[in-house]
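# A structural walkthrough
Here's the letter readout for the chains.
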Amino acid sequence: MLYPQSNSVRTILDLSGIWSFRLSQDKAWQNIAVPASYNDQSPDPEFRNHAGLAWYRTRFTIPALLKGQRIFLRFDAVTHSARIFINGQEAAAHRGGFLPFEVDLNGLAEPGSEVLLEVEVDNRINHSTLPIGTEGGTAFFGSDNPGITAVEAGKRRQQEKGINLPAFDFFNYAGINRPVRLCSTPLSYIEDVTILPALSGDIRYCVETVGSGDITIDVFDADGQKVASASGAEGHFQISQPHLWEPWPGTPYLYTARIHFGGDVYDQSFGIREVRIEGTQFLINGKPFHFHGPCKHEDSPFHGRGLDQCLNMTDINLYHWLGANCFRTSHYPYAEEMYSLCDREGIVIVNETPAVGMWADEHYGWDLAPYHAEVLKALIRRDKNHPSVVVWSLGNEPSTDAMPDKAYDYWWPLYQLAHETDPQNRPVTLVGCQNIYEKDRIIPAMDIVFINRYYGWYNLSGDLETARYAFRMELDWWADKGKPIVLSEYGADTIAGLHSAAPDMFSEEFQVAYYETINACLDERPFIVGEMPWNYADFSTCQGPMRVGGNRKGLFTRDRRPKMAAHYFRKRWHLMEGKSIPEH
Ligand code: BDP
């Protein structure tokens, strides 16, 4: 699905602003900001803890000058599912909270008329949603105390109240999290564009259209000079002496293909870069690439998971400050604006589906696979042209060792589907949980192995000498598997400002000592092609006895102030890139 564009023949009317909102049909409407999660916009605990339906409404007028155009609404993400009503009539429904959908308005509302737009949002998560939740079930962290009569009675009461807990470790922010736009195109229009870069500069393309017209393509370099052209729905064009798209600290060079189809025009940017795996190396443009950058969340005060372009820019500049070159979109697809920004800034992305929380083996028994496949295809279709995206992640930390065959049968078809769907055929991974790795069939079968490990934190807690011993033992096991391996999560909760000379868990000194210990093991192994600390910044989670005001494993606080470990990685990653150590 194309990202909306405004140009000589296409228009966008951004509907961001203050809408009306209510958490139940019998309550009065109140004001709410869109886009943003609704949860933190009011001190009312119901906003934070709500599970179920919520309603948004706004009015807008379709400009009369759009007569004779194709007119539609584009929702970038409504979390987790939505029903859309136009002038009281149901016009569309969409399942899934992190990918875009469109609602055709032609025949439903006339240009020049006022439209009442209502959105019914459902934030509930269960075993048929991605991510997974437990309706009336168990918290991600915390003890069940099974068998204790009063606790069991309490849990039944929670079920009656409709408690809905995540099976994952981030707050279940919900609502209209990303922009809603009224868009227009000519009636015959460009529906999709695929660009297949090649280092030789011989670029293949495919344009999908609706209606009739001739297709021509002009390609411009970053200075706006025309460097190639082509015609027809499919074919190729040649860019001589192409500038390559390189990750930081190289130049992320971008070209633009301007596509004309009848009366429609669309600009698709692209980068020329190649991703390949050879033995235990991950190559970008034929050069070994080492992933180093913390995993992220879309999470910030007030906005929750809502799009905040200023925050995204700040985060990417802090990635540059750190000397980081990548992140994983843990644990769901991010807003499209972030991928475009990373295309421009040279930050590499491991792009993850929202399949998180599948840590119980019974999840494989539910009928999730067809929906999971749909989400994976929609993600690839949305992000296929971004040069910043170099790996697809099928999901995070499912159970893979207790029933290894069942897990293999679930994930392997998705692995194949990702390869079949992606025109660029990027490498595919599934992020593995700390487990009995000898029993696991699916994680070692991936193109590049991503493993999350918490030696010294969740296990062997605080004993870094033994953590080193145990982690080395595991790395010995991986050494002869012939795969590139990324340590895709590792970290220690750290309270900014808590110091301890010893160093003890939760102190800033411990976080640095922990990373020094684990990194020393990574540095000994050439098949390790990446280190991705957990997490870039502290983030909000649901309540639990292991979370003090959220997850505190950030290298930065939630308001983006560096902890000691951020300074430690800044030096390490600058040195890795052969850059001098920054003084401040
Ligand atoms: C990993 C999960 C991540 C958690 C992290 C943690 O992938 O979502 O936030 O552990 O516990 O298991 O901090």
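Residues numbered from 1 in each chain as written. Predicted model: local features only at pLDDT ≥ 70, side-chain atom pairs only at ≥ 80, totals over all residues. Heavy atoms only, no water.

## What to know about the overall build of the chain
The line we're drawing: Numbered from the N terminus, helices here are DSSP runs of H or I no shorter than four residues, and strands are runs of E no shorter than two. A radius of gyration in this sense is built from C-alpha atoms; the matching globule rule multiplies 2.2 Å by the number of residues raised to 0.38. Partly exposed residues are those whose accessible area sits between 20% and 50% of the maximum for their type, while under 20% is buried and over 50% is exposed, using a 1.4 Å probe and protein chains only. Any two residues whose heavy atoms approach within 4.5 Å are treated as being in contact. Only the protein chains shown count as cover for residues, and the accessible areas themselves come from Shrake-Rupley with a 1.4 Å probe. Here Asp and Glu are counted as negative and Lys and Arg as positive; His is not counted, and neither are the chain ends. Taken as the charge centre is NZ of Lys, CZ of Arg, CG of Asp or CD of Glu, depending on the residue.
Scanning the chain from terminus to terminus reveals nine helices and 32 strands. Computed over the C-alpha atoms, the radius of gyration of the chain is 24 Å, within 12% of the 25 Å expected from 2.2 N^0.38 for a compact globule of 584 residues. Dimensions of the chain along its principal axes, counting C-alpha atoms only, are 70 × 65 × 50 Å. Residues classed as buried in the chain amount to 57% of the 584 residues present. In the chain, once contacts between residues fewer than 6 apart in sequence are set aside, the share between residues at least 24 apart is 71%. Total accessible area computed for the chain in this model is approximately 22800 Å², and 51% of it derives from carbon and sulfur atoms. Considering the chain, the positive charge centre built from 53 side chains and the negative charge centre built from 74 side chains are found 2 Å apart.

## Here we look at the site of the ligand
Defined as follows: Near, as used in this document, describes a residue that has one of its heavy atoms within 4 Å of the molecule or strand being considered. Polar contact criterion, stated in full: a pair of N or O atoms within 3.5 Å, where within protein one must be able to donate a hydrogen and the other to accept it, and residues adjacent in sequence count only if both atoms are side-chain atoms. Side-chain classes are defined by residue name, with Ala, Val, Leu, Ile, Met, Phe, Trp, Tyr, Cys and Pro counting as nonpolar, Asp, Glu, Lys and Arg as charged, and the others, Gly among them, as polar.
The full set close to the ligand counts 14 residues, and Asp 169, His 331, Glu 397, Tyr 458 and Lys 553 are the nearest of them. In this structure, an oxygen atom belonging to the ligand sits 2.5 Å away from a side-chain N or O atom of Asp 169. Glu 397 has a polar side-chain atom sitting 2.5 Å from an oxygen atom of the ligand. Computed on the free molecule, the ligand has an accessible area of 320 Å², of which 94% lies beneath the protein chains in the complex. Its residues placed into classes, the shell around the ligand shows five nonpolar, four polar and five charged.

## Here we look at the domain arrangement of the chain
Quite often, the size of an interface is put as the accessible area lost when its parts meet. Note the threshold: The source of the domain bounds is an automatic or database domain assignment.
In terms of domain boundaries, the chain breaks down into domain 1 (11-133 + 168-183), domain 2 (188-273) and domain 3 (277-576). Of note, the centres of domain 1 and domain 2, computed from C-alpha atoms alone, are 33 Å apart.

## Brief notes about the packing of aromatic side chains
This is how the line gets drawn: Two aromatic rings from Phe, Tyr or Trp, using only the six-membered ring of Trp, form a pair when their centres are within 6.5 Å; if the ring planes differ by under 30 degrees the pair is stacked, by over 60 it is edge-to-face, and anything between is tilted.
A full pass over the atoms with the stated rule returns 41 aromatic pairs. The interplanar angle of 15 degrees and the centroid separation of 4.8 Å between the aromatic rings of Phe 98 and Tyr 332 together place this pair among those described as stacked. Highlighted residues: Phe 98 in the loop between strand 8 (89-95) and strand 9 (101-104) and Tyr 332 in the loop between strand 26 (326-328) and helix 4 (336-345), separated in sequence by 234 residues. The interplanar angle of 80 degrees and the centroid separation of 4.9 Å between the aromatic rings of Phe 289 and Phe 291 together place this pair among those described as edge-to-face. By the burial criterion, Phe 289 is buried, and Phe 291 matches it.

## Focus on the packing of helix 3 (residues 309-322) against helix 4
Our working rule: Helix axes use the C-alpha atoms of the stretch in contact, all axes being lines fitted to C-alpha atoms, and the angles between their N-to-C directions lie in the range 0 to 180 degrees. Left-handed describes a crossing whose near helix is turned anticlockwise from the far helix through less than a right angle; right-handed describes the clockwise counterpart.
Closest axis-to-axis distance for the helix 3/helix 4 pair is 11 Å, and the angle between their directions is 35 degrees. For the crossing formed where helix 3 meets helix 4, the hand is right-handed. In this structure, helix 3 contributes Gln 309, Asn 312, Met 313, Ile 316 and His 320 to the contact, and helix 4 contributes Glu 337, Met 338, Leu 341, Cys 342 and Glu 345. Residues of the contact of helix 3 with helix 4, tallied by class, amount to five nonpolar, three polar and two charged.

## Overview of unusual backbone geometry
His 80 follows Thr 79 through a cis peptide bond whose omega is 5 degrees. Along the chain, His 80 falls in the loop between strand 6 (78-79) and strand 7 (81-86). Along the chain, Trp 248 connects to Pro 249 via a cis peptide bond; the corresponding omega equals 5 degrees. Its location among the elements puts Pro 249 in the loop between strand 19 (234-238) and strand 20 (255-261). At Leu 460, a residue that is not glycine, the phi angle is positive and equals roughly 50 degrees. Checked against the element boundaries, Leu 460 lands in the loop between strand 30 (449-452) and helix 7 (464-478). One non-glycine residue, Arg 560, lies in the positive phi region at around 65 degrees. Within the secondary structure layout, Arg 560 lies in the loop between strand 32 (528-531) and helix 9 (564-576). Residue Arg 560 is classed as buried on the basis of its relative accessible area, which comes to 11%.

## Focus: the side chain of Thr 400
Within the secondary structure, Thr 400 sits in the loop between strand 28 (389-396) and helix 6 (404-421). Using a relative accessible area of 1% as the deciding quantity, one classes Thr 400 as buried. Among the polar contacts made by the side chain of Thr 400, one reaches the side chain of Asp 440 at a distance of 2.6 Å. In contact with Thr 400, other than residues within four places in its own chain, are Tyr 364, Ala 407, Leu 430, Asn 435, Asp 440, Ile 442 and Ile 443.

## Some points on the pattern of salt bridges
Spelled out, the test is: Salt bridges are identified by distance alone: a Lys or Arg side-chain nitrogen within 4 Å of an Asp or Glu carboxyl oxygen.
Under the definition given, this model contains 43 salt bridges. With its nearest N and O atoms 3.2 Å apart, the salt bridge here joins Arg 57 to Glu 118. Highlighted residues: Arg 57 in strand 4 (residues 53-61) and Glu 118 in strand 10 (residues 114-122), separated in sequence by 61 residues. The partly exposed category is assigned to Arg 57, whose relative accessible area is 22%. Exposure remark for Glu 118: the relative accessible area of 18% places this residue in the buried category. Lys 481 serves as the salt-bridge partner of Asp 480, at 2.7 Å between the closest nitrogen and oxygen. Assessed through its relative accessible area of 31%, Lys 481 is described here as partly exposed.

## Examining the environment of Gln 309
Note that Gln 309 resides in helix 3. In sequence terms Gln 309 and Asn 325 are 16 residues apart; their C-alpha atoms lie 19 Å from each other.

## Re the state of the cysteines
Operational definition: Only a pair of cysteine sulfur atoms within 2.5 Å qualifies as a disulfide here.
Following the criterion strictly, the structure yields zero disulfides and no others. Left without a disulfide partner, Cys 295 is nearest to the cysteine sulfur of Cys 326, which lies 7.9 Å away. In this structure Cys 542 is a free cysteine whose sulfur lies 17 Å from that of Cys 433, the closest cysteine sulfur available.

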